[in-house]
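Fold and contact review
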Amino acid sequence: QVQLLESGGGLVQVGGSLRLSCAASGRTFSNYAMGWFRQAPGKEREFVSAITWSGGTTYYKDSVKGRFTISRDNAKNTVYLQMNSLKPEDTAVYYCATPDQPYITSEYHYWGQGTQVTVSS
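Residues numbered from 1 in each chain as written. Predicted model: local features only at pLDDT ≥ 70, side-chain atom pairs only at ≥ 80, totals over all residues. Heavy atoms only, no water.

1. What to know about the overall build of the protein chain
Summing up its helical and strand segments, the protein chain has 0 helices and 11 strands in all. Ordered by position from the N terminus, the helices and strands of the protein chain form the series β-β-β-β-β-β-β-β-β-β-β. In terms of overall dimensions, the protein chain has C-alpha extents of about 40 × 25 × 25 Å along its principal axes. Across the 121 residues of the protein chain, 41% fall into the buried class. For the protein chain, the proportion of contacts with a sequence separation of at least 24, taken over those separated by at least 6, is 57%. Surface accessibility of the protein chain: about 6,300 Å² in total, with carbon and sulfur atoms responsible for 45%. Of note, the protein chain has its 11 positive side-chain charges centred 5 Å away from the centre of its 9 negative side-chain charges. (Helix = DSSP H or I, 4+ residues; strand = E, 2+ residues; numbered from the N terminus. Buried < 20%, exposed > 50% of the residue type's maximum accessible area, 1.4 Å probe, protein only. Contact = heavy atoms within 4.5 Å. Areas by Shrake-Rupley, 256 points an atom, 1.4 Å probe, with all protein chains shown as cover. Lys, Arg positive; Asp, Glu negative; His and termini not counted. Charge placed at Lys NZ, Arg CZ, Asp CG, Glu CD.)

Below is the structure:
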């Protein structure tokens, strides 16, 4: 059974930084792409970033480009989201997810429970 556990959320001031982590278990982590999504209060969940199985290709939502960086450590079965220059509109619950394939896709099959990120002004 695939399990994803996010950590690293919290309260930060505008312009601050946070690094989210997502630890995966239940299958060979390095065989699959990983993604980060977020859901703000009253809004639909939205894509934030994704990374291929090897880490060789990454993809970002336009509004986070240049501020967020996704990375992975296949030896630690963990994917990260480094978030810099945070804005109030980044406030949301952040989820990691993984599809059943090694490349970036729009279909994700497994999801974590989420971690809250709150950016205060």
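Past the structure itself, the notes keep going.
2. A look at the sheet that holds strand β7 (residues 68-73)
Sheet strands pair via backbone hydrogen bonds, and the direction of the pair is either parallel or antiparallel. Taken in spatial order, the 4 strands line up as β1-β3-β8-β7 in an open sheet, and their pairing is antiparallel. On the outer flanks of this sheet lie β1 (3-7) and β7, each paired with one strand and no other. The average undirected angle you get between the axes of adjacent strands in this sheet is 15°. (Pairing = 2+ DSSP bridges. Axes fitted to C-alpha atoms, helices over the stretch in contact; angles between N-to-C directions.)

3. Overview of the environment of N31
Take N31: it is sitting in the loop between β3 (18-25) and β4 (34-39). The sequence separation of N31 and R72 amounts to 41 residues, and the corresponding C-alpha distance is 12 Å. What N31 contacts, discounting residues up to four positions off in sequence, is W53, Q101 and P102.

4. Some points on the packing of aromatic side chains
Across all of its chains, the model carries 5 aromatic pairs by this definition. Centre to centre, the rings of F37 and F47 are 5.6 Å apart; their planes meet at 80°, and the pair counts as edge-to-face. Here F47 lies in strand β5 (residues 46-51) and F37 lies in strand β4, a separation of 10 residues in the sequence. Accessibility expressed as a relative area gives 23% for F47, which makes it partly exposed. Taken together, the ring pairs in this structure connect F37, F47, Y59, Y108 and W111 into an aromatic cluster. When the ring centre of Y32 is taken as origin, the NZ or CZ atom of R27, which lies over that ring, is 3.5 Å away. Taking the ring centre of F29 as reference, the NZ or CZ of R72 above it sits at 4.3 Å. (Phe/Tyr/Trp six-rings, centres within 6.5 Å; stacked < 30°, edge-to-face > 60°. Lys NZ or Arg CZ within 6 Å of the ring centre and 35° of its normal.)

5. Describing the nonpolar core
Counting residues in hydrophobic clusters, the biggest one holds 26 residues, and the most contacted among them are W36, F68, V79, L81, M83 and Y94. Elements that contribute at least two residues to this core include exactly β3, β4, β5, β7, β8 (78-83), β9 (92-98) and β11 (115-120). At 4 residues, β3 tops the list of elements feeding residues into this core. (Core = buried A, V, L, I, M, F, W, Y, C linked by side-chain atoms within 4.5 Å.)

6. Some details on empty space enclosed by the protein
Evaluated as defined, the whole model comprises 1 cavity of 30 Å³ or more. By volume, the largest cavity is sized at about 60 Å³. If you go around the largest cavity, the residues you meet are V2, L4, A24, S25, R27, T28, F29, Y32, M34 and T98. The residue inventory of the lining of the largest cavity, partitioned by class, reads 6 nonpolar, 3 polar and 1 charged. (1 Å grid on protein atoms, 1.4 Å probe; cavity = no way out; pocket = protein on both sides within 12 Å on 5 of 7 lines; lining within 4 Å. Points joined across faces, edges and corners; volume = space filled by probe spheres on them. Nonpolar A, V, L, I, M, F, W, Y, C, P; charged D, E, K, R; others polar.)

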